[in-house]
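Here's the letter readout for the chains.
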Amino acid sequence: MKDELLSGPRTHALLADGTTVCIRPVTASDHEQLQGLYEEMSPENLRLRFFAASRRSAEMAADRACAAPRPGYRALLAERAGQVIGLAEYERGDTGTEAEISIAVADGLHHRGVGTLLVEHLVSAARADGVTSFTADALSENQEVLRLFADLGLRTARRFEGPEVRCTIALDEDDAYLTAVEERGRAADVESRRPLLRPAAVAVVGAGRKPGSVGRAILHQLKAGGYTGRLWAVNPAATSILGVPSCSSVSALPRTPDLVVVAVPAAGVAATAEECGKAGVRALLVVTAGLDAEQAQALRTACRTYGMRMVGPNCLGISNTDPQLALDATFAANHPRPGTAGVAVQSGGVGIALLDGLSRLGIGVSSFVSLGDKYDVSGNDMLQWWESDTRTDLALLHLESFGNPRAFSRTARRVTRRMPVLTVDAGRTDAGRRAAASHTAAAATRTMTRQALFTQAGITAAHSVGELLETAALLHS
């Protein structure tokens, strides 16, 4: 099971469509929202949940979930942007090792993985409480919940009793369940990065009318590179910049963009992110550098609250050379050459050097991401993206630090079976580690740890950018 599932009272997780939700325990203050969750259900869904379409059931269900804590009972809810969208609960029986489970998901949000995600968290909680099996009664026509139980990856037995089905779910932690959880998580991770790397609409906030600003440079790259999606600038003092339509705010755009490039001064980054979140934006590319601790925390909070994925801050940008998209949201001097190498770096300067070197060697790029300070998207995320991307057959990484070495190693071992993964052992010396820390605000991973990690994961580690390019040329040829 994922280590993150019970890491704290609140856990941010991804649904099957890539959107973010918060999973947390129910509190007494949730009563109104939980009652509303049931009251807003259609009569048919109420009947499937309670075996009868009674509005009184809504109040009783909320009373049950929000009652004072009691032994053997646990309730978790899923919320998005402060709105409750799902509830899962269990209560132990007399034996102490068996618990009855129930699930409710808001109308309009079925088939998105809300129920499955809640049950995964309940499984971890139940195991910690000594529960070895879940039981659940459902109407035989409730195919949705029966399919949820069947697809968990846990051993499930069914016993039909007239119009009802009694399901018994064994909570054994075997390879089948672990694999199912990992595959669901991986699919959700990849889907969540689609707005970043395959956006159908992009807006640039901070593109000035006069030459010299980073935002204007990125807007120029997007337009000159032939980006095929919808493109806007956001500037209250202009109606057009570089021939690109401009609006006064993100909320004033004719369509909500998938990706917003944030190139405003550090003091305005969090407010811009908040505005994007309220407008329904799915992803941010924050190129702004120099955020202080308070500004950084406010940016992270906005992204988590509204479920936005983010690259940056303090980065060069991102690029996807697929001719059907032609996305170049960077402020590099030249457009990346299209090809099949995926490139991820932390340092923008290293990114420019790698792109120039690959171009000289005739090696094209499928996608390029400058991760910057890695508040969200990491090298591990990019490996998962390239693993699912049929255009990528070679991965190049230049990472100064690792957020979760175990997760990185597990992903890299899987990806190296499909394609070569090359890296530079950055931060090998004390001076290198100090340089890395100045960029990422965190110490680089120690050299011995890095070497062991690369060896275990099957990654080819070069000693310099030049050696990395030479190895890439050899493999490419």
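Residues numbered from 1 in each chain as written. Predicted model: local features only at pLDDT ≥ 70, side-chain atom pairs only at ≥ 80, totals over all residues. Heavy atoms only, no water.

Student: Can you help me understand the packing of helix α4 (residues 114-128) against helix α6 (residues 175-192) in this one?
Tutor: Two quantities define a packed helix pair, namely the angle between the helix axes and the distance between the axes. With their axes 12 Å apart at the nearest point, α4 and α6 run at an angle of 140 degrees to one another. As judged from the angle between their axes, α4 and α6 are oblique. Considering the relative orientation of α4 and α6, their crossing is left-handed. Contact residues: α4 offers Thr116, Glu120, Val123 and Arg127, while α6 offers Tyr177, Val181 and Arg184. (Axes fitted to C-alpha atoms, helices over the stretch in contact; angles between N-to-C directions. Helix = DSSP H or I, 4+ residues; strand = E, 2+ residues; numbered from the N terminus. Parallel < 35°, antiparallel > 145°, perpendicular 65-115°, else oblique. Left-handed = near helix turned anticlockwise from the far one by under 90°. Contact = heavy atoms within 4.5 Å.)

Student: Explain the packing of aromatic side chains to me, please; I cannot follow it from the model alone.
Tutor: For any pair of aromatic rings, geometry is given as the distance between the ring centres together with the angle between the planes. Summed over all chains, the structure comprises 2 aromatic pairs. Relative to Phe50, the ring of Tyr38 has its centre 5.3 Å away and its plane inclined at 50 degrees; by these criteria the two rings are tilted. Linking Tyr38 in helix α1 (residues 31-39) with Phe50 in helix α2 (residues 43-50), this pair joins segments that are 12 residues apart in sequence. A relative accessible area of 0% means that Tyr38 is categorised as buried. Considering the side-chain rings of Tyr90 and Phe134, the 5.6 Å spacing of their centres and the 40 degrees angle between planes classify their relative orientation as tilted. Of this pair, Tyr90 sits in strand β4 (residues 83-92) while Phe134 sits in strand β6 (residues 133-139), and the two are 44 residues apart along the sequence. Each member of the pair, Tyr90 together with Phe134, is buried. In this structure, Arg70 packs its charged tip against the face of Tyr73, placed 3.8 Å from the ring centre. (Phe/Tyr/Trp six-rings, centres within 6.5 Å; stacked < 30°, edge-to-face > 60°. Buried < 20%, exposed > 50% of the residue type's maximum accessible area, 1.4 Å probe, protein only. Lys NZ or Arg CZ within 6 Å of the ring centre and 35° of its normal.)

Student: Help me understand the pairing of strand β17 (residues 327-330), please; the structure alone is not making it clear to me.
Tutor: Here β17 shows two buried faces, one formed by Leu327 and Ala329 and the other by Asp328 and Thr330. Bridge count between strand β16 (residues 317-320) and β17: 4 bridges; the pairing is antiparallel. Each residue of the ladder has a partner; that of Asn320, found in β17, is Leu327. As consecutive antiparallel partners, β16 and β17 are separated by 6 residues, and within that stretch Ala326 has a phi angle of approximately 50 degrees, a positive value. (Pairing = 2+ DSSP bridges.)

Student: How should the nonpolar core be read in this particular structure?
Tutor: General note: in soluble globular proteins, nonpolar side chains tend to be found buried as a group. Counting residues in hydrophobic clusters, the biggest one holds 56 residues, and the most contacted among them are Leu34, Leu87, Tyr90, Phe134 and Phe149. When residues in this core are grouped by element, the largest group, 8 residues, is from α4. Excluding its chain neighbours within four sequence positions, the residues that come into contact with Leu34 are Val26, Ala62, Ala65, Cys66, Val84 and Leu87. (Core = buried A, V, L, I, M, F, W, Y, C linked by side-chain atoms within 4.5 Å.)

Student: Help me understand unusual backbone geometry in this model?
Tutor: Omega for the peptide link from Gly312 to Pro313 comes to 0 degrees, which places this bond in the cis form. The residue Pro313 is located in the loop between β15 (309-311) and β16 in this model. The phi torsion at Ala81 lies on the positive side, around 55 degrees, for a residue other than glycine. Inspection of the secondary structure assignment puts Ala81 in the loop between β3 (73-80) and β4. Unusually for a residue other than glycine, Ala326 sits at a positive phi of about 50 degrees. The residue Ala326 is located in the loop between β16 and β17 in this model. Overall, Ala326 belongs to the buried group, its relative accessible area being 19%.

Student: Teacher, can you tell me more about the confidence of the model for the protein here?
Tutor: Detailed reading of predicted coordinates is not advised where the pLDDT is low. Scored by pLDDT, the protein comes out at a mean of 90, with 93% of its residues at no less than 70. Note that residues 1-8 has pLDDT below 50 and, in this model, 19 contacts with residues that lie over four places away or in other chains. Confidence over residues 440-444 falls short of pLDDT 50; this stretch has 12 contacts with residues more than four positions distant or in other chains. (pLDDT = per-residue confidence, 0-100.)

Student: So what exactly am I meant to see when it comes to the pattern of salt bridges here?
Tutor: When the charged atoms of two side chains with opposite charge come close together, those side chains can pair. Using the criterion set out here, one finds 25 salt bridges in the structure. In this structure, the salt-bridge partner of Glu59 is Arg56, at a minimum N-O distance of 2.8 Å. Of this pair, Glu59 and Arg56 both sit in helix α3 (residues 56-66), 3 residues apart, which is roughly one turn of the helix. By relative accessible area, which is 46% here, Arg56 ends up partly exposed. Salt-bridge contacts for Glu387 lead to Arg186; the nearest nitrogen and oxygen are separated by 4.0 Å. Here Glu387 is found in helix α12 (residues 379-388), whereas its partner Arg186 is found in helix α6, with 201 residues between them in sequence. (Salt bridge = Lys/Arg side-chain N within 4 Å of Asp/Glu carboxyl O.)

Student: Is there a simple way to explain the pairing of strand β10 (residues 230-234) in this structure?
Tutor: The buried fraction of β10 is high, at 4 of 5 residues. In this sheet, β10 lies alongside strand β9 (residues 201-205) in parallel orientation, the contact comprising 5 bridges. Counterpart to Ala203 in the pairing with β10 is Trp232. In this fold, the crossover linking β9 to β10 by way of helix α8 (residues 214-224) has right-handed handedness. In this sheet, strand β12 (residues 244-247) lies alongside β10 in parallel orientation, the contact comprising 2 bridges. Bridge pairing in β12 places Val234 opposite Cys247. (Right-handed = clockwise from strand over helix to strand, strands pointing away.)

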